[in-house]
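# Understanding the architecture of this molecule
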Amino acid sequence: MRGWDIAFGHPVTQGLVAATIGILLLAAAVIGALTVTGRASPALRRELWLRLASWAVLLPLIMAPILLGREWVIAAVTLLGLACLREYDRATGLFREHWLVAVVVLGILAVNFAALDHWYGFFVALWPLTVTVIAVASIPLDRPAGYIQRTALAIFAYMLFGAGLAHLGYMANDPNYRPLLLLLVLAVGLNDVAAFTSGKLIGGRKLLPATSPNKTLSGALGALVCTTLLVAYVAGLIFEGTPMDSTWKLLALGALVSIGGQAGDLMLSSIKRDIGIKDMGVLLPGHGGILDRFNSLLLVAPATFHLIQFYIGWGLDAPTRILTGGP
Amino acid sequence: MSDWKIKPARDLGLPTAERLRSHGREAGLVGGLLQGGWRRLVRLYMAVMHRFAVTGREHLPPPPFVIVANHASHLDALAVGAALRGPAARRAHALAAGDTFFTSTPMAAFAAYAINALPVWRRRTRPKDLATLRARLEEDGLVFILFPEGTRSRDGAMAAFQPGLGAFVAGSPVPVVPCWLEGAHAAWPPQRRWPRPGRLHLHIGPPLSFAETPQDRAGWTQVAAQCEAAVRALEPRR
């Protein structure tokens with residue numbers, strides 16, 4: 001049972017997996033109670049069941065690669081990046097620029113390869129390198145009209161779904177990545193739920209009505225308090241005895257997850273409002289597209305990575321340049 | 001400085017099966033690569049199996065335009081597509097009978113991803129669909145490959161053109177290029193299950209313009225009659 005011990009070796013991993021199963025069951029019980037007592041409208045109940053069912057499929061898909069190991073995480077992050085790119089490029093019209101999309105795809109593959117190789121130098125170098133290639137890729141078409149816009153759309157795509165998202169995969173180079181990565185993906189999900197719930201319970205002023213009409217200030221603050229405290233508490237168990245083990249640093253990490261998650265959500269809302277569409281896709285019933293679900297991770301991944309990088313570093317004892325074998 | 005607008009895919013938000021049949025279907029990187037690979041295969045097949053020859057290629061205008069030809073076999077759309085090069089080849093859509101090519105999802109996926117066909121539903125094409133196709137033809141600079149007889153000829157002789165063609169081009173600056181495909185009936189008559197080797201020759205004629213033709217029933221009939229005459233005139237004398 002060595003593999004099992006590696007996957008569930010850390011007590012926080014066990015706790016988070018158990019808590020996830022518990023929360024899903026509890027949510028099912030609550031929605032079940034609403035259904036039996038007829039307290040919620042049929043439309044709301046349907047919506048809630050749909051969301052829960054989507055979560056019940058999504059959470060195992062998200063958590064399994066994290067438990068399985070480094071290569072699995074990086075493969076999953078690569079696929080996620082490509083799926084997000086596809087939704088984004090069809091929504092923005094970037095998909096008509098085949099050369100630029102091809103460069104962004106290559107960039108996503110390269111940056112995830114750098115994570116797989118555990119080659120930090122290449123991993124960070126790919127940001128300026130890919131942007132350089134994007135900047136020149138459409139020049140030979142001799143079609144200057146729209147150059148700035150299509151280049152900007154492609155750079156934005158690479159930043160979000162390549163350079164940014166790949167930080168999640170790079171984290172897996174640390175032998176003890178499992179509890180922290182689980183905490184991050186669960187906390188951004190919880191952050192959304194906390195914002196939704198406290199917004200519904202407290203109500204009040206709208207946060208940014210033109211960007212996202214359903215979000216309230218109370219929801220944003222409620223999520224900030226809940227997520228910050230929860231992340232700080234669980235991260236305290238993970239980082240015990242390390243340079244991150246200070247109340248302020250842990251609270252900063254928690255706040256970063258909550259603010260980054262909400263900012264990612266609002267960023268996608270801004271993109272959708274600007275384009276004039278409601279959802280990015282139709283893949284996940286009750287959620288919309290892949291991006292509608294994973295928007296919160298896009299900004300959290302690089303932000304939390306570099307906070308922890310600053311104080312501790314990632315995978316400093318793990319072998320580097322596993323595949324390319326350089327210095 | 002040019003005005004620049006975010007332009008989402010015309011088929012954004014459609015479930016896969018509907019997307020395949022959508023008149024707004026637009027290919028991305030993967031679709032483009034698949035179609036490019038398929039075009040090269042078809043050109044190779046045409047050259048090897050049918051010693052495919054084209055005359056009058058200089059008549060082809062830059063896209064958008066509509067190609068009309070006689071219809072004797074399932075090879076016709078492939079042959080006409082194989083005669084195109086560059087942007088015209090990439091943007092060419094064969095308008096294919098929905099009830100033959102778009103009923104099952106695997107067949108629709110093949111028609112969409114390989115042949116880049118758009119469905120027309122015989123006798124049930126709605127005015128809205130025609131308007132979408134007409135708008136896309138001009139706005140997106142497409143090439144439509146059309147067989148206005150409506151069905152394959154059973155004996156190789158060309159039938160009268162249906163007036164529906166007029167909906168796309170009457171009163172529009174988009175030109176119509178008449179073509180005659182020679183040898184298709186011999187290579188793959190409707191009675192045979194598979195094609196046999198045999199020479200195919202595409203004769204391309206000078207484009208016709210219907211910019212001044214009224215967009216009504218009489219105009220449509222006029223378009224069909226003129227196109228039919230132009231295609232017949234390209235048939236080589238025996």
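- Under an unreviewed UniProt entry, chain B has the name 1-acyl-sn-glycerol-3-phosphate acyltransferase and belongs to Falsiroseomonas oleicola.
- The record held by UniProt for chain B lists under Pathway (unreviewed entry) the comment "Lipid metabolism."

- Going by an unreviewed UniProt entry, chain A carries the name Phosphatidate cytidylyltransferase and comes from Falsiroseomonas oleicola.

### Concerning the packing of aromatic side chains
- Under the defined criterion, the tally for this structure stands at 14 aromatic pairs over all chains.
- Ring plane angle 10° and centroid distance 5.4 Å describe the contact between Phe305 of chain A and Trp314 of chain A, whose orientation is recorded as stacked.
- Given the relative accessible area of 5%, Trp314 of chain A is considered buried.
- Between Phe144 of chain B and Phe168 of chain B, the aromatic rings sit 5.7 Å apart at their centres with planes inclined by 75°, giving edge-to-face as the arrangement. Of this pair, Phe144 of chain B sits in strand S5 (residues 143-146) while Phe168 of chain B is found in helix H8 (residues 166-169), placing the two residues 24 residues apart along the sequence.
- A network of ring pairs unites the aromatic residues Tyr120, Phe123, Tyr170, Phe305 and Trp314 of chain A as a single cluster.
- Directly above the ring of Phe196 of chain A sits Arg51 of chain A, whose terminal nitrogen or CZ lies 6.0 Å from the centroid.

### Some remarks on helix H6 (residues 105-115) of chain B
All names here are of chain B.
- For H6, the complete set of buried residues consists of Ala108, Ala111, Ala112 and Ala114.
- The inward-facing, buried residues of H6 abut helix H1 (16-21), helix H2 (29-50), helix H5 (98-101) and strand S4 (117-120).
- N-capping of H6 is provided by Ser104, with a side-chain oxygen placed 3.3 Å from the backbone N of Met107.
- The first or second residue beyond H6 is Asn116, which carries a positive phi of 60°.

### Description of the pattern of salt bridges
- With the rule as written, the count across this model stands at 13 salt bridges over all chains.
- In this structure, Glu97 of chain A engages Arg143 of chain A in a salt bridge whose closest nitrogen and oxygen atoms are separated by 3.0 Å. Of this pair, Glu97 of chain A sits in the loop between helix H4 (70-92) and helix H5 (98-117) while Arg143 of chain A sits in the loop between helix H6 (120-137) and helix H7 (147-164), and the two are 46 residues apart along the sequence.
- Since its relative accessible area comes to 15%, Glu97 of chain A is described here as buried.
- In this structure Arg143 of chain A comes out as partly exposed when scored by relative accessible area, which is 36%.
- Here Asp140 of chain B and Arg136 of chain B are joined by a salt bridge, their closest N and O atoms 3.0 Å apart.
- Overall, the relative accessible area of 17% leaves Asp140 of chain B in the buried class.
- Each of Arg10, Arg136, Glu139 and Asp140 of chain B takes part in a single network of salt bridges with overlapping partners.

### Describing the UniProt feature "transmembrane region" (unreviewed entry) in chain A
Residues and elements named next belong to chain A.
- Taking the UniProt record as the reference, the feature "transmembrane region" (unreviewed entry) is found at residues 12-36, 100-116, 122-141, 153-171, 177-196 and 217-238.
- End-to-end, the C-alpha atoms of residues 153-171 are 27 Å apart, and along that stretch the chain is 95% helix and 0% strand.
- Taken end to end, residues 177-196 has its terminal C-alpha atoms 29 Å apart, with 100% of it in helix and 0% in strand.

Procedures and definitions
Here the residue numbering is sequential within each chain, running from 1 through the sequence in written order. The naming scheme follows written order: chains are lettered A onward, ligands numbered 1 onward. Given that this is a predicted model, residues contribute local features only at a pLDDT of at least 70 and side-chain atom pairs are listed and counted only at 80 or more, while totals for whole chains, interfaces and linings are drawn from all residues. As a rule here, side-chain values come from all non-hydrogen atoms in the structure, and water together with hydrogens is ignored. UniProt positions are given in the numbering used here, feature names are shortened, and annotations may be inferred rather than shown by experiment. Classification of ring pairs uses Phe, Tyr and Trp, with its six-membered ring standing for Trp, and accepts pairs whose centres are within 6.5 Å; under 30 degrees between planes counts as stacked, over 60 as edge-to-face, and the remaining range as tilted. Exposure is judged per residue with a 1.4 Å probe applied to protein chains only, and the accessible area is read against the type maximum: over 50% gives exposed, under 20% gives buried, and values in between give partly exposed. For the purposes of this entry, the term helix denotes a DSSP run of H or I that reaches at least four residues, the term strand denotes a run of E that reaches at least two, and both are numbered from the N terminus. Any Lys NZ or Arg CZ found within 6 Å of a ring centre and within 35 degrees of that ring's normal is scored as a charge over the ring. Any pair of residues with heavy atoms lying within 4.5 Å of one another is described as a contacting pair. As used in this structure description, the phrase polar contact means that two N or O atoms lie within 3.5 Å; if the pair is within protein, one of them must be able to donate a hydrogen and the other to accept it, and residues adjacent in sequence are counted only when both atoms belong to side chains. Salt bridges are identified by distance alone: a Lys or Arg side-chain nitrogen within 4 Å of an Asp or Glu carboxyl oxygen.

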